Amino acid sequence: MKIAFYTLGCKTNQFETQALETLFEQRGHTIVPFDEFANVYIVNTCTVTALSDKKSRNAARRCKKINPQATLIVCGCYSQMEPEQAREMCGADIVVGTGCKGQIVKLAEQAQAEASFSGGSAVQEAREFEVLPAGGLRGRTRALLKVQDGCQNFCTYCIIPYARGRCRSIPLTEAVRQAAFLEKEGYQEIVVTGIEVSSYGIDLPDHPSPAALLAAICRAAPHTRIRVGSLEPRTITPEFLEEVGPYPNLCPHFHLSLQSGCNATLRRMNRHYTADEYRTIVQNLRASFANYAITTDIMVGFPGETEEEFAESLAFAKEIGFAKAHVFAYSRRPGTKANDAPDQITQRVKEERSRRMIAATQQTKAAFFQAQLGRVETVLFEQEVAPHVYDGYTANYTPVKVSSAKDLRGKILPVLLRETDGNNCYGTVQENI
C-alpha cells in the first residue's frame, strides 16, 4: 500500500508520525508525500486551539479529493476530543485518539483488504505509556525520542490534559535502550520530547526524575547530542543542574515556557511559578552552562490582562533576553476555564500587544545572535537550502548558514560565526571536509 501522512501540532505528534512511518515500512508499505495518490491517508491532528481543529478538518477533507477511494484515518488530539466530528465532518473511515496508535497499521491493512469494512474506532482514555519506535525515515540527522505523554497541570487556557489524559512515562530502561539504538543507527542528535517532560517519572514505581532520565540518556548515547524539548521552569532546580551538568553532550539550550512575565497573569493562568522564580532559574543556568540559550513561549491578551500587566510582561521579556520566543495571542478554547473568564481582551488589543512583544523579542534574538559572532561553534548541518548553501544548528540552537562546494548534510563541523542578519548567523567551516 501507499501511505501518506499529514501532521499538525507539536513534536510529540511528529514523533508519533515518524513511528507510524517506521511501522508501515516494516510491513512492506511505501510512504509517499501527502499531496500524491495514496491508498491510505493518515491525518495526525491537533486541538490546542479552535484554529487547530479547523486545520485538522481541512487537511482531512483534502485527502478524498486526491483519491476518493482511499482509506482516511484521523488520529490524535482533535479526534480524541471530537470523534464524531472526525467521522462526520472529515469523512474519516477510521478514528483513533491519542492512545492506541500502534493499532493504526492493522486497521489500515484491514480496511484495504476487506471490501465490507465498515470503519473502526480506537478512541479511549490512555492509561499506560505506548512504546513506539524512535527515530524516523528522513535521514540520520536528528531523531525524536518520546519519553512521556499526558499532562495534569490544568493551566486554565489549555485543553491538552483532557485530550492527552494523565501523565504516563516510558520506563527508564526502555528510554536508555532507544537512545543507544539511535546512536548506533547514526543519528547525530536526539531530541527528548513529550507532552510535559517535566512530569516524567511521577507515574513510575521508583519515580525517576527528569534529570535522572536525561543523565541516563546522555550516558547511553555519549557521542550524540542530546537536546531536551520544552520544560516547565520549575524543573530547573539546583539539583537538576548538578545532575545533568557533567554531560558535555547535553545541549546548552533550554526551552522554558514563560507565558507571561506578570505574576497576576500567571496566577490566573494557573502557572506554578513567579517571575522572580523564573529570573532565578535563568541566573542558575548562566552559572552552570557556557554560552547557553533560553527559548520560550509568551502569550499576550490573556483574559483580564491590563495594559500595566502587559507592560510588566514586556519588560520582563526584554530583561531575560530570550534567544527566541514564540509569541501568540490568547485564543479562546471551549472546554477550558479561561474560555468563560470575564474581561476577555478584544482582538484589536491582542494584535497590538502581539506586535509589541514580537518586536521586543526580535531585538533580544538579534542581540543573542550578535553575541555569537567571533565564536567557533559546532554545527549539525541538515539541508541544502540553496545551491551550495547549507543550514544547521549549533548546540545552543543558533541557526547557521554556510557556503560550501562539498555536501555538508548530516555532518557536525566547527564553524567560525562571522555575521548575522538577525535571523541567522553566517560562518565558515574551520576544518577540511
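For the structure, check the block above.
These numbers were taken from a predicted model, which means no experiment stands behind them.

What counts and how
- Residues numbered from 1 in each chain as written.
- Predicted model: local features only at pLDDT ≥ 70, side-chain atom pairs only at ≥ 80, totals over all residues.
- Heavy atoms only, no water.
- Buried < 20%, exposed > 50% of the residue type's maximum accessible area, 1.4 Å probe, protein only.
- Helix = DSSP H or I, 4+ residues; strand = E, 2+ residues; numbered from the N terminus.
- Expected span 1.5 Å × (residues − 1).
- Contact = heavy atoms within 4.5 Å.
- Core = buried A, V, L, I, M, F, W, Y, C linked by side-chain atoms within 4.5 Å.
- Pairing = 2+ DSSP bridges.
- Axes fitted to C-alpha atoms, helices over the stretch in contact; angles between N-to-C directions.
- Right-handed = clockwise from strand over helix to strand, strands pointing away.

A. Region of interest: unusual backbone geometry. The residue Phe154 is not glycine, and still its phi comes out positive at about 55 degrees. Taking relative accessible area as the criterion, Phe154 reaches 33% and is therefore assigned partly exposed. In this structure, Asp343 takes a positive phi of about 60 degrees despite not being glycine. Looking at the element boundaries, Asp343 is found in the loop between strand E14 (324-329) and helix H13 (347-372).

B. Seen up close, helix H7 (residues 172-184). Look at H7: 18 Å from first C-alpha to last across 13 residues, which is about the 18 Å you get at 1.5 Å a residue. Taken as a whole, H7 has its buried residues at Glu174, Ala175, Gln178, Ala179, Leu182 and Glu183. Contacts from the buried residues of H7 go to strand E7 (142-149), strand E9 (189-194) and helix H8 (210-220). Trailing H7 by a residue or two, Gly186 shows a phi angle of about 100 degrees, which is positive.

C. Quick peek at the environment of Val74. The residue Val74 is located in strand E4 (residues 71-76) in this model. Residues Val74 and Gly91, spaced 17 residues apart in sequence, show a C-alpha to C-alpha distance of 9.1 Å. In this view, Val74 contacts Val43, Thr45, Ala60, Ser79, Ala86, Cys90, Ala92, Ile94, Val95 and Val96; residues no more than four positions away in its chain are not counted.

D. How the structure looks around the nonpolar core. Membership of the largest hydrophobic core comes to 62 residues, with the highest contact counts inside it found for Val147, Ile236, Phe240, Phe254, Leu256, Tyr278 and Leu285. A total of 7 residues in this core trace back to one element, the largest contributor, which is H8. The residues contacting Tyr278, other than those within four sequence positions of it, are Pro233, Leu256, Ser257, Leu258, Tyr273, Ile294, Thr296, Phe316 and Phe322. Residues Val43, Cys46, Ala70 and Ala86 belong to the second largest nonpolar core, which totals 19 residues.

E. Quick peek at the sheet that holds strand E16 (residues 389-394). The mixed closed barrel is built from 5 strands, whose spatial order is E15-E16-E17-E19-E18. Each strand of the sheet is rotated relative to its neighbour by a mean of 50 degrees, with strand direction disregarded. Here strand E15 (residues 376-386) runs beside E16; their pairing, made up of 6 bridges, is antiparallel. Along E16, the bridge assignment pairs Leu380 with Tyr393. Against the sheet, H13 engages strand E17 (399-403), strand E18 (412-420) and strand E19 (425-429), with an angle of about 115 degrees to E18.

F. Here's a closer look at helix H2 (residues 50-66). If you check H2, its first and last C-alpha atoms are 26 Å apart, about what 17 residues at 1.5 Å a residue would give, namely 24 Å. Tucked into the core, H2 has its buried residues touching strand E1 (2-7), strand E3 (40-45), E4, helix H3 (77-81) and helix H4 (83-88).

G. Region of interest: the pairing of E1. Pairing between E1 and strand E2 (residues 30-32): 3 bridges, direction parallel. Residue pairing for E2: Ala4 is matched across the bridge by Val32. Each parallel crossover has a hand, and the one from E1 via helix H1 (residues 11-26) to E2 is right-handed. Pairing geometry for E1 and E3, over 5 bridges, is parallel. Its bridge partner lying in E3, Ala4 is registered against Tyr41.

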